[in-house]
Amino acid sequence: MFENIPLRQCQHAGLTIEGYSRAAVQTCWRIPELKCGFDLGVQPWDFMGTPTWFVSHTHLDHIAALAVYVSRRRMMKMDPPVIYLPASAIDQCLAMLRCFTRLDKGAMPCELLPAAPGDEIELSRELVVNVIPTWHTIESVGFMVSERRKKLKEEFQGLQGTEIRDLRLKGIEVSHETRMPILAYTGDTQPRGLDENPEVFDCKILIAEMTFIAPEHRKDKIHKHGHMHLDDWVARKDRFNNELIIASHFSTRYSDPQIRRMVEKKLPGLMGGRLNLWL
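Looking at an unreviewed UniProt entry, the chain carries the name Ribonuclease Z, with the source organism given as Rosistilla carotiformis.

The structure is reproduced here in structure tokens:
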């Protein structure tokens, strides 16, 4: 297997998180068990089998590999992929793919669908994706994946199976849907992307940006350009109820040792070991 890009992996709660994110370089995440990925700033060869992708915004480090991904699936005779992205980007992305069709002399079959805050997308019978608002320099969105299950209503608990069956045959709804938020991905956003989506603090897994960490970098300017600073995380450290928190998208002006040193100074113990610095 070719290994031509930086790629990391970790596992938690039965899910595998694969990818790499560095500001202005590349951002691409995949969760194979969910059969979906987030952002297409790069496309590892073995990621092309993943059929559904969610793009947070169209800066190049998040979408540069769109044509590569679509072309590879066509070349390997796979079904056209389904890609969700901000609505304002769809026409331009289709135009870009048409340009590559003319340049490459190969079709670019795919389905590009709009993703707007408040939308709910069925990923499978058991999984649903909610589109959440984020705040960046261009139109952007985040995504939250939840597992849904049917649970017997309290008033029917304790009944025998045959009794529940008879109620169903009478047309009585004996169960209700429950949802377990399992993963949230914010993409690039200023702190409002966390504050105005409080449910992300309760997902089992949270993948979020921590682009800037140095104390001399002005937070007002950082927020204006749609990013977060380490201090934004520190200010909210008691709100993170997640089992695993992945901080990523660090600026290239910092080395890995600098990032680790500064984050560990401000967040000793890395939130009880729950915080994973994706370096």
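A.B. asks: Break down the overall build of the chain for me, with residues and values.
C.D. replies: A count of helical and extended segments in the chain gives eight helices and 14 strands. Dimensions of the chain, computed from the C-alpha atoms along their principal axes, are close to 65 × 55 × 35 Å. Expressed as a percentage of its 279 residues, the buried residues of the chain come to 51%. Long-range pairs, those at least 24 residues apart, make up 59% of the contacts in the chain between residues at least 6 apart in sequence. One way to put it: in the chain the 36 positive side-chain charges average out to a point 3 Å from where the 36 negative ones average out.

A.B. asks: Explain the sheet that holds strand β3 (residues 26-31) to me, and be specific about the residues and the numbers.
C.D. replies: With respect to topology, seven strands assemble into an open sheet ordered β1-β2-β3-β4-β5-β6-β7, the strand pairing being mixed. Each of the sheet's edge strands pairs with one partner strand only, and the pair in question is β1 (8-12) and β7 (111-114). Adjacent strand axes in the sheet meet at a mean angle of 20°, parallel and antiparallel pairs treated alike. Bridge analysis of strand β2 (residues 15-22) against β3 gives five bridges, and the strand direction is antiparallel. Looking at β3, one finds that S21 is bridged to T27. Across the face of the sheet, helix α3 (residues 90-104) comes into contact with β6 (82-85) and β7 while running at roughly 165° to β7.

A.B. asks: Would you mind going over the pairing of β6 in detail, with residue names and values included?
C.D. replies: Bridge count for strand β5 (residues 52-54) against β6 is three bridges, and the pairing is parallel. Within the sheet, the bridge partner assigned to W53 lies in β6 and is I83. The pairing of β6 with β7 spans four bridges and is parallel. In the sheet register, V82 faces β7, and the bridge partner there is E111.

A.B. asks: A description of the nonpolar core should follow, citing residues and the corresponding values.
C.D. replies: Ranked by size, the top nonpolar core spans 31 residues in total, and within it I213, W233, V263 and L275 carry the most contacts. Breaking this core down by element, the ones donating at least two residues are β12 (205-209), α7 (230-235), β13 (244-248), α8 (256-266) and β14 (275-277). Of the residues forming this core, the biggest block, three residues, is contributed by α8. Excluding residues within four positions of it along the chain, W233 makes contact with A208, E209, M210, M228, F240, I245, I246, A247, M271 and L275. Ranked by size, the runner-up nonpolar core spans 28 residues in total, among them I121, Y185, I207 and I246.

A.B. asks: I'd love a proper account of the packing of helix α2 (residues 66-75) against α3, names of residues and values included.
C.D. replies: Contact pair α2 / α3: the axes reach a minimum separation of 10 Å and the direction vectors enclose 55°. With respect to each other, α2 and α3 are oriented oblique. With respect to the hand of their crossing, α2 and α3 are arranged in right-handed fashion. On the side of α2, the interface is formed by L66, A67, S71 and R74, while α3 contributes C93, M96, L97, F100 and D104. In the contact of α2 with α3, the residues fall into six nonpolar, one polar and two charged.

A.B. asks: Before we move on, could you go through the packing of aromatic side chains and cite the residues and values that matter?
C.D. replies: The final tally for this structure, using the stated rule, is 10 aromatic pairs. Ring centres 5.2 Å apart and planes at 55° place the aromatic pair W29 and W278 in the tilted group. Of this pair, W29 sits in strand β3 while W278 sits in the segment after β14; the two residues are 249 residues apart in sequence, bridging distant segments of the chain. Accessibility assignment for this pair places W29 and W278 in one class, buried. These aromatic residues form a ring-pair network of at least three members: F38, F54, Y84, F143 and Y185. Seen from the ring of W278, R8 lies directly overhead, with NZ or CZ sitting 4.4 Å from the centre.

A.B. asks: Let's hear about empty space enclosed by the protein: which residues, and what values?
C.D. replies: For the coordinates displayed, the defined rule picks out one cavity of 30 Å³ or more. Put simply, the largest cavity is a space of about 40 Å³. Around the largest cavity sit S21, T27, W29, H62, Y185, G187, D188, A208, E209, S248 and H249, which together line it. Sorting the residues of the lining of the largest cavity by element identifies β3 and β12 as the ones contributing at least two each. Partitioned by chemical class, the residues of the lining of the largest cavity number three nonpolar, six polar and two charged.

Analysis parameters
Residues numbered from 1 in each chain as written. Predicted model: local features only at pLDDT ≥ 70, side-chain atom pairs only at ≥ 80, totals over all residues. Heavy atoms only, no water. Helix = DSSP H or I, 4+ residues; strand = E, 2+ residues; numbered from the N terminus. Buried < 20%, exposed > 50% of the residue type's maximum accessible area, 1.4 Å probe, protein only. Contact = heavy atoms within 4.5 Å. Lys, Arg positive; Asp, Glu negative; His and termini not counted. Charge placed at Lys NZ, Arg CZ, Asp CG, Glu CD. Pairing = 2+ DSSP bridges. Axes fitted to C-alpha atoms, helices over the stretch in contact; angles between N-to-C directions. Core = buried A, V, L, I, M, F, W, Y, C linked by side-chain atoms within 4.5 Å. Parallel < 35°, antiparallel > 145°, perpendicular 65-115°, else oblique. Left-handed = near helix turned anticlockwise from the far one by under 90°. Nonpolar A, V, L, I, M, F, W, Y, C, P; charged D, E, K, R; others polar. Phe/Tyr/Trp six-rings, centres within 6.5 Å; stacked < 30°, edge-to-face > 60°. Lys NZ or Arg CZ within 6 Å of the ring centre and 35° of its normal. 1 Å grid on protein atoms, 1.4 Å probe; cavity = no way out; pocket = protein on both sides within 12 Å on 5 of 7 lines; lining within 4 Å. Points joined across faces, edges and corners; volume = space filled by probe spheres on them.

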